[in-house]
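Results of the structural survey
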Amino acid sequence: MLNKNNNSTKVSVIGLGTMGSAIAKVFIKKGFKTTVWNRSENKSQALVAEGAIFASTVLEAIAGSPVIVICVLNYDVVNIILEKHKGELAGKVIVNLTNGTPEQARKVAKWVADNDSEYIDGGIMAIPPMIGLPEAFILYSGSNKAFEDNKEIFDTLGTASFIGSDPGLASLYDLALLSAMYGMLGGYLHAVTLVSTENIKAIEFTPIVINWLHAMIQVLPHLAQQIDASDYSLGGVVSNLEMNATSFVNILEASKSQGIKNDLMSPMKTLLDNGVKEGYGKGDISALVKMLLKQ
Ligand code: NDP
């Protein structure tokens with residue numbers, strides 16, 4: 001259990017890339033006794049100068065604290081590091097903030113539990129400069145007890161949200177949120193490329209895109225209700241799927257004739273057409289979840 005009234009909180013950070021370093025920095029600033037390890041030792045030096053305790057081996061980092069935060073490139077690296085220290089993890093809390101899939105998270109969680117430690121998986125919805133600020137939204141799942149016992153550590157990194165005991169959930173939410181982000185960025189990139197063919201600068205067009213996306217985002221709760229009810233006309237339809245499928249063709253044709261590729265747009269056209277074919281034309285665009293669920 002953490003002592004919240006002094007700086008005796010101990011935490012180790014394994015992996016000092018851009019994200020791991022940002023995490024360690026925030027712990028040091030908070031006054032935690034922060035032990036750091038990185039494969040390339042040079043990345044530890046700046047943190048040691050700020051007050052971190054240098055670990056020359058992973059074993060030292062594990063031995064240094066009850067809570068071990070791992071933030072490395074991918075799960076292959078996580079697995080290698082943990083596997084090598086199988087015998088030294090008993091009683092520790094492993095917090096894995098490395099990006100991965102729900103399946104990878106569940107597998108590591110089981111392995112950690114089999115080695116008498118507790119596991120928390122995390123999904124960081126932030127970039128390194130945001131770490132430590134309330135805007136850094138971090139999702140956690142796995143051991144609820146370990147999360148509650150070490151809440152101070154999680155709260156230090158940003159706004160912590162525990163979403164469930166299934167260790168795969170944080171990663172599932174993380175990847176779903178990233179999907180929404182990539183969809184938006186893909187649409188944005190197509191939009192600015194399209195107007196660029198008439199020498200309109202992205203900087204000029206972007207505020208208009210932002211206003212449009214702000215307006216469109218308002219429709220999401222309405223679509224969500226329809227999706228949860230599997231009723232794609234629930235609450236009324238003002239822009240039906242058939243109309244969307246018809247006008248979408250214009251995006252593809254205009255893009256082609258302006259000389260740009262439709263790589264980002266074509267998959268949406270396929271989904272819209274399939275939705276109409278399957279009889280969802282009079283409903284809202286929310287019906288496309290049915291097309292996505294179909295194998
Ligand atoms: P970096 O590429 O900056 O750092 C990668 C880290 O992994 C380094 O510490 C590197 O060590 C270590 N590493 C790579 N291969 C090995 C290996 N074989 N053995 C030991 N250590 C290894 O990545 P980030 O810090 O940016 O990202 C870390 C995690 O955080 C990723 O899973 C990423 O998806 C996630 N994340 C990152 C965000 C970001 O904006 N940066 C945002 C949200 C999540 P070395 O220094 O020796 O190369």
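Residues numbered from 1 in each chain as written. Predicted model: local features only at pLDDT ≥ 70, side-chain atom pairs only at ≥ 80, totals over all residues. Heavy atoms only, no water.

**Regarding helix α4 (residues 75–84)**
- Regarding α4, the residues found buried are Tyr-75, Val-78, Ile-81 and Leu-82. Along the axis of α4, the buried residues cluster in a sector spanning 125°; they form a single face. Away from the buried face of α4 by more than 90 degrees, exposed residues Asp-76 and Lys-84 are located. (Buried < 20%, exposed > 50% of the residue type's maximum accessible area, 1.4 Å probe, protein only. Helix = DSSP H or I, 4+ residues; strand = E, 2+ residues; numbered from the N terminus. Arc of directions from axis to C-beta.)

**Topic: the site of the ligand**
- Lining the immediate surroundings of the ligand are 20 residues, of which Met-19, Asn-38, Ser-40, Lys-43 and Asn-99 lie closest.
- Measuring from an oxygen atom of the ligand, one finds a backbone N or O atom of Met-19 at 2.8 Å.
- In this structure, an oxygen atom belonging to the ligand sits 3.1 Å away from a main-chain N or O atom of Leu-73.
- Protein chains shield 74% of the accessible area of the ligand, which is 910 Å² for the free molecule.
- Its residues placed into classes, the shell around the ligand shows ten nonpolar, eight polar and two charged. (Near = heavy atom within 4 Å. Polar contact = N/O pair within 3.5 Å; in protein donor to acceptor, adjacent residues only side chain to side chain. Areas by Shrake-Rupley, 256 points an atom, 1.4 Å probe, with all protein chains shown as cover. Nonpolar A, V, L, I, M, F, W, Y, C, P; charged D, E, K, R; others polar.)

**Thoughts on the pairing of strand β1 (residues 10–14)**
- With four of five residues buried, β1 lies mostly within the body of the structure.
- With five bridges joining them, β1 and strand β2 (residues 33–37) adopt parallel strand pairing. Within β2, the residue paired with Ile-14 across the bridge is Trp-37.
- Between β1 and its parallel partner β2, the chain crosses via helix α1 (residues 18–30), and the hand of that crossover is right-handed.
- Inspection of the sheet shows β1 paired to strand β4 (residues 67–70) by four bridges, in the parallel sense. Each bridged residue has a counterpart across the sheet, and for Val-13 the counterpart in β4 is Val-69. (Pairing = 2+ DSSP bridges. Right-handed = clockwise from strand over helix to strand, strands pointing away.)

**Describing the nonpolar core**
- If you look at the biggest cluster of nonpolar residues, it comprises 33 residues, and the most contacted ones within it are Ile-23, Phe-27, Val-95, Leu-97, Ile-131, Tyr-140 and Leu-157.
- Contributing elements (two or more residues each) for this core: β1, α1, β4, β5 (93–96), β6 (118–125), β7 (137–142), α6 (144–149) and α7 (151–157).
- Top contributing element to this core by residue count: α1, with seven residues.
- Apart from residues no more than four positions distant in its own chain, Leu-157 is found in contact with Ile-23, Val-26, Phe-27, Leu-97, Ile-131, Gly-132, Leu-133, Ala-136, Ile-138 and Tyr-140.
- Listed in part, the 21 residues of the second largest apolar core include Ile-68, Ile-94, Trp-111 and Tyr-119. (Core = buried A, V, L, I, M, F, W, Y, C linked by side-chain atoms within 4.5 Å. Contact = heavy atoms within 4.5 Å.)

**Some remarks on helix α5 (residues 102–114)**
- For α5, which comprises 13 residues, the first-to-last C-alpha distance of 18 Å matches the rise-based estimate of 18 Å (1.5 Å per residue) to within 8%.
- As for α5, its buried residues are in contact with α4, β5, β6 and α8 (169–196).
- With its phi angle positive at about 60°, Asp-116 sits one or two positions after the end of α5. (Expected span 1.5 Å × (residues − 1).)

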